[in-house]
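An overview of the molecular structure
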Amino acid sequence: QVQLVESGGGLVQAGGSLRLSCTFSGRTFTDYSMGWFRQAPGTERDFVASITSDGGTTYNVDSASGRFTVSRDNDMNTVYLRMNSLKPEDTAVYYCAASSSGAVTPIRDLYDYWGRGTQVTVSS
């Protein structure tokens, strides 16, 4: 069974940066593409970014383009989300997810496993 554990969230001022990490265990990491999603109170869980199993292709939601960068270290079984120029509207719980489809995709149903999330709060 795959386990995903996110870390790196916290409280940051607007304009600041954070790097989220997600550690994967239980299966072969390189069999999965990985994604990041976020969910603010009272809203649906929205796609942020995704990366293929070899790290060669990434895809970001438009609102994150130029500010957020997804990457992975296959030796460390870890996927990262670097977030720069943070805005108060980025405040949410951030979740990582693993997809056996191998694709970079914003479709939640294509992700097989989910972490429990890490809180990111951006103050104005």
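Definitions and cut-offs
Residue indices begin from 1 for each chain and proceed along its sequence in written order. Residue-level local features of this predicted model are given only where pLDDT is at least 70; pairs of side-chain atoms are given and counted only at 80 or more, and the full residue set underlies all totals for whole chains, interfaces and linings. Only hydrogens and water are removed before side-chain values are computed, so all heavy atoms of the structure are retained for them. Numbering of helices and strands runs from the N terminus; a helix is a DSSP stretch of H or I covering at least four residues, while a strand is a stretch of E covering at least two. Note on definitions: a residue-residue contact is assigned when non-hydrogen atoms from the two residues lie within 4.5 Å. The rule is short: rings of Phe, Tyr and Trp, with Trp giving its six-membered ring, pair when the centres are within 6.5 Å, and they are stacked under 30 degrees, edge-to-face over 60, tilted in between. When the NZ atom of lysine or the CZ atom of arginine is within 6 Å of a ring's centre and also within 35 degrees of its normal, the charge is said to sit over that ring. In this description, strands pair whenever DSSP reports at least two bridges between them. Note on geometry: axes are lines fitted to C-alpha atoms, helical ones only across the stretch in contact, with angles between N-to-C directions running from 0 to 180 degrees. Side-chain atoms within 4.5 Å link the members of a nonpolar core, which is a set of buried Ala, Val, Leu, Ile, Met, Phe, Trp, Tyr and Cys residues. Under the scheme applied here, a residue whose accessible area is under 20% of the maximum for its type counts as buried, over 50% as exposed, and between as partly exposed, the area being computed with a 1.4 Å probe on protein chains only.

Following the sequence through the fold, Thr23 ends up in strand 3 (residues 18–25). For Thr23 and Val122, which are 99 residues apart along the polypeptide, the C-alpha to C-alpha distance reads 23 Å. Every residue in contact with Thr23, bar those within four places of it in the chain, is listed here: Gln3, Leu4, Val5, Asn77 and Thr78.

Our focus in this paragraph is the packing of aromatic side chains. Applying the stated criterion across every chain yields a total of 8 aromatic pairs. One cation-aromatic arrangement involves Arg45 over Trp114; the distance from NZ or CZ to the ring centre is 5.1 Å. Over the aromatic face of Phe29 sits the side chain of Arg72, whose NZ or CZ is 4.1 Å from the ring centroid.

Let us look at the sheet that holds strand 8 (residues 78–83). Spatial strand order, 1-3-8-7: 4 strands in an open sheet with antiparallel pairing. The open sheet has two edge strands with one neighbour each: strand 1 (3–7) and strand 7 (68–73). Averaged over neighbouring strand pairs, the angle between their axes works out to 15 degrees when direction is ignored. Two elements, strand 7 and strand 8, share 6 bridges in a ladder whose sense is antiparallel. Counted as the bridge partner of Ser71 is Tyr80 from strand 8.

Ranked by internal contacts, the top residues of the largest apolar core, which has 28 residues, are Leu4, Met34, Trp36, Leu81, Met83 and Tyr94. At the level of secondary structure, the elements contributing two or more residues to this core comprise strand 3, strand 4 (33–39), strand 5 (46–51), strand 7, strand 8, strand 9 (92–99) and strand 11 (118–123). Excluding its chain neighbours within four sequence positions, the residues that come into contact with Leu81 are Leu18, Arg19, Leu20, Trp36, Val48, Ala49, Phe68, Thr69, Val70 and Tyr94.

Taken by themselves, the reported measurements are silent on function.
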